[in-house]
Amino acid sequence: MTQCKECGNGYEVGVREFCSEDCFKKNIQKRIDDATANEKSHTSKLTKEDS
Ligand SMILES: [Zn+2]
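Residues numbered from 1 in each chain as written. Predicted model: local features only at pLDDT ≥ 70, side-chain atom pairs only at ≥ 80, totals over all residues.

Asks: Account for the overall build of the protein, naming residues and giving values.
Replies: A tally of helices and strands in the protein yields 1 helix and 2 strands. The linear arrangement of helices and strands in the protein, starting from the amino end, is β-β-α. Looking at the protein as a whole, 6% of its 51 residues qualify as buried. (Helix = DSSP H or I, 4+ residues; strand = E, 2+ residues; numbered from the N terminus. Buried ≥ 20, exposed ≤ 12 C-beta atoms within 10 Å, placed from the backbone.)

Have a look at this one:
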């Protein structure tokens, strides 16, 4: 069983590394948002805390 990289659920057959196309798309969208945010807040948001 593989674990979905988006929601953490285990799955047998999924899309790439995700349990469903929904999670796959969500993850892609997040990456796009992240990239956009990084560009926009290039200098002002250097202290982003990720635990
Ligand atoms: Zn999922």
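Asks: A description of helix H1 (residues 21-40) should follow, citing residues and the corresponding values.
Replies: Given 3.6 residues per turn, any residue in an α-helix points the same way as the ones three and four places further on. Look at H1: 28 Å from first C-alpha to last across 20 residues, which is about the 28 Å you get at 1.5 Å a residue. The buried count for H1 comes to 1 of 20 residues, which makes it a mostly uncovered element. (Expected span 1.5 Å × (residues − 1).)

Asks: Tell me about unusual backbone geometry, and please be specific about residues and values.
Replies: Unlike most non-glycine residues, Arg16 shows phi in positive territory, near 50 degrees. Within the element layout of this structure, Arg16 appears in the loop between strand S2 (10-11) and H1. Look at Arg16 and you get exposed, because 10 C-beta atoms sit within 10 Å.

Asks: Describe the environment of Cys7, naming the residues involved and giving the relevant values.
Replies: Tracing the backbone through its elements, the reader meets Cys7 in the loop between strand S1 (2-3) and S2. Residues Cys7 and Asn27 lie 20 residues apart in sequence; the distance between their C-alpha atoms is 9.5 Å. Dropping the residues within four chain positions of it, Cys7 is found in contact with Cys19 and Cys23. (Contact = placed C-beta atoms within 7 Å.)

Asks: Give a description of the environment of Thr2 that names residues and reports values.
Replies: Residue position: Thr2 is located in strand S1. Remark: the alpha-carbon pair of Thr2 and Glu12, spanning 10 residues in sequence, is separated by 6.4 Å.

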